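# Topology and contacts: notes
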Amino acid sequence: ARDFIPGEVIMELTGPLIGFRDTVEKGEYEGYPLQIDVDVYVDLGPPAHFLNHSCAPNSAISAERSLIAMERISCGDEIRFDYSTTMHENHW
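Now for a look at the structure at hand. (Residues numbered from 1 in each chain as written. Predicted model: local features only at pLDDT ≥ 70, side-chain atom pairs only at ≥ 80, totals over all residues. Heavy atoms only, no water.)

The next thing to look at is the overall build of the protein chain. If you tally the helices and strands in the protein chain, you get 1 helix and 8 strands. N-terminal to C-terminal, the α/β element order of the protein chain is β-β-α-β-β-β-β-β-β. Expressed along its principal axes, the backbone C-alpha trace of the protein chain runs to roughly 35 × 20 × 20 Å. In the protein chain, buried positions account for 35% of the 92 residues. Relative to all contacts within the protein chain whose residues are 6 or more apart in sequence, the contacts with residues 24 or more apart total 61%. If you sum the accessible surface of the protein chain, you get close to 5,700 Å²; carbon and sulfur atoms cover 53% of it. The averaged location of the 16 negative side-chain charges in the protein chain is 4 Å from the averaged location of its 6 positive side-chain charges. (Helix = DSSP H or I, 4+ residues; strand = E, 2+ residues; numbered from the N terminus. Buried < 20%, exposed > 50% of the residue type's maximum accessible area, 1.4 Å probe, protein only. Contact = heavy atoms within 4.5 Å. Areas by Shrake-Rupley, 256 points an atom, 1.4 Å probe, with all protein chains shown as cover. Lys, Arg positive; Asp, Glu negative; His and termini not counted. Charge placed at Lys NZ, Arg CZ, Asp CG, Glu CD.)

In structure tokens, the structure reads:
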């Protein structure tokens, strides 16, 4: 609904903490949780679980679990980050 400038926080990535097994048991929704450590995931809800992957991301996740704009993001642009930056196992 608005523009973001580089370095600006887009959203905080919050939710209950779950393990790998709980993540896999989500079935078709197993991609929604965000891995933050070995066997520790944040079970994201909307709108965060609608974020998409890109090898040319315009945002990144900070150590504090904030989604940060890496470049100017205009209103209506897709917000995307590199999923591989948060994966610590080979399941996917």
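There's more to say after this.
Moving on, we get to the sheet that holds strand E3 (residues 34-37). The 3 strands lie next to each other as E2-E4-E3, forming an open sheet whose pairing is antiparallel. The sheet is open, and its two borders are formed by strand E2 (17-18) and E3, each paired with just one other strand. In this structure, E2 lies alongside strand E4 (residues 40-42), joined through 2 bridges in antiparallel fashion. Counterpart to Leu17 in the pairing with E4 is Val42. (Pairing = 2+ DSSP bridges.)

Attention now moves to unusual backbone geometry. Cis geometry marks the peptide bond from Pro46 to Pro47; its omega dihedral reads 0°. Relative to the assigned elements, Pro47 resides in the loop between E4 and strand E5 (52-53). Positioned with a positive phi, Asp39 is a non-glycine residue whose angle comes to about 60°. Of note, Asp39 is situated in the loop between E3 and E4.

On the basis of which strands lie adjacent, the open sheet formed by 3 strands has the order E1-E7-E6 and antiparallel pairing. The two strands at the open ends of the sheet, each matched to only one other strand, are strand E1 (9-12) and strand E6 (59-61). Neighbour-to-neighbour, the strand axes of the sheet open up by a mean angle of 20°, direction not taken into account. (Axes fitted to C-alpha atoms, helices over the stretch in contact; angles between N-to-C directions.)

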